Amino acid sequence: MSAPGSIFQRFQKFFFSKDLLRNHCAGPVSNFGIPIAAVMDTKKDPILISGPMTGSLILYSLVFMRYSMAITPRNYLLFGCHLVNECAQLTQGFRYLNYHYFGGREKSLAAGSPSN
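Residues numbered from 1 in each chain as written. Predicted model: local features only at pLDDT ≥ 70, side-chain atom pairs only at ≥ 80, totals over all residues. Heavy atoms only, no water.

Visitor: Which residues make up the packing of helix 5 (residues 51–70) against helix 6 (residues 76–101), and what values do they have?
Guide: It is the contact of helix 5 with helix 6, at a shortest axis distance of 8 Å, that shows an interaxial angle of 155 degrees. Taken together, the axes of helix 5 and helix 6 lie roughly antiparallel to each other. As helix 5 runs across helix 6, the sense of the crossing is left-handed. Note on element contacts: helix 6 touches helix 5 through Y76, L78, F79, H82, L83, N85, E86, Q89, L90, Q92, G93 and Y96, opposite G51, T54, L57, I58, Y60, S61, L62, F64, M65, Y67, S68 and M69. (Axes fitted to C-alpha atoms, helices over the stretch in contact; angles between N-to-C directions. Helix = DSSP H or I, 4+ residues; strand = E, 2+ residues; numbered from the N terminus. Parallel < 35°, antiparallel > 145°, perpendicular 65-115°, else oblique. Left-handed = near helix turned anticlockwise from the far one by under 90°. Contact = heavy atoms within 4.5 Å.)

This is the structure:
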């Protein structure tokens, strides 16, 4: 059985080496901030949604989902990150379209919602 100090030293050596960056881990892990923010925004008022930005993020996620499967080795962490982002952005896109083009705004005004 190895001593706890040696396990920590091996982890520390790996964490501060170039291996962490070489195995395509650091980028997708830090990139998860985008889908987390998008999921949190699904609870906000639809008047705050930017249609052009949502469309851009939908395309961005599609491109990087494809990229994550095209490279060797395949980067499943990056794929998962952009899959979550794609779903969240599509939800935001549907909310935007419903609010601005399919009567959602009128329904919220009739219900007495504070958004205009």
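Visitor: How would you sum up the confidence of the model for the chain? Please name residues and give values.
Guide: A low pLDDT means the predicted coordinates there should not be read in detail. Summary statistics for the chain give a mean pLDDT of 82 and a share of 78% for residues scoring 70 or more. Least confident of the elements in the chain is helix 2 (residues 19–22), whose mean pLDDT is 57; most confident is helix 5, at 95. (pLDDT = per-residue confidence, 0-100.)

Visitor: Requested: an account of a nonpolar patch on the surface, with residues and values cited.
Guide: Taken together, L90, F94, L97, Y101 and F102 make up a surface patch of nonpolar side chains, about 570 Å² in accessible area. On the secondary structure map, F102 appears in the loop between helix 6 and helix 7 (104–110). (Patch = residues over 30% accessible without salt bridge, like charges linked within 9 Å, V, L, I, M, F, W, Y side chains within 5 Å. Areas by Shrake-Rupley, 256 points an atom, 1.4 Å probe, with all protein chains shown as cover. Salt bridge = Lys/Arg side-chain N within 4 Å of Asp/Glu carboxyl O.)

Visitor: For the layout of surface pockets, give the residues involved together with the corresponding values.
Guide: Taken as a whole, the largest pocket encloses approximately 210 Å³ of empty space. Every residue lining the largest pocket is counted, 15 residues in all, and those nearest its centre are D41, I49, T54, Q89 and Q92. Counting only elements with at least two residues in the lining of the largest pocket, the list comes to helix 4 (33–41), helix 5 and helix 6. Broken down by element, the residue count for the lining of the largest pocket peaks at four residues, all from helix 4. In the lining of the largest pocket, the residues fall into seven nonpolar, four polar and four charged. (1 Å grid on protein atoms, 1.4 Å probe; cavity = no way out; pocket = protein on both sides within 12 Å on 5 of 7 lines; lining within 4 Å. Points joined across faces, edges and corners; volume = space filled by probe spheres on them. Nonpolar A, V, L, I, M, F, W, Y, C, P; charged D, E, K, R; others polar.)

Visitor: Now, about the environment of F32: what can you tell me, with residues and values included?
Guide: Structurally, F32 can be placed in the loop between helix 3 (26–31) and helix 4. With 52 residues separating them in the primary sequence, F32 and V84 have C-alpha atoms 8.8 Å apart. Beyond its immediate sequence surroundings of up to four residues, F32 is in contact with L77, G80 and C81.

Visitor: If you had to explain the side chain of N85 to someone new, which residues and values would you point to?
Guide: Note that N85 resides in helix 6. In contact with N85, other than residues within four places in its own chain, are I34, P35, A38, L57, Y60 and S61.

Visitor: An account of the environment of V39 is requested, with residue identities and associated values reported.
Guide: With respect to the element layout, V39 can be found in helix 4. A sequence separation of 50 residues divides V39 from Q89, and the C-alpha atoms of the two residues are 8.3 Å apart. Dropping the residues within four chain positions of it, V39 is found in contact with V84 and A88.

Visitor: Explain the pattern of salt bridges to me, using residue names and the numbers behind them.
Guide: Taken as a whole and assessed by the stated rule, the structure comprises one salt bridge. Among the ionic pairs, K44 bridges to D41, the shortest N-O distance being 3.3 Å. For D41, a relative accessible area of 28% corresponds to the partly exposed category. (Buried < 20%, exposed > 50% of the residue type's maximum accessible area, 1.4 Å probe, protein only.)

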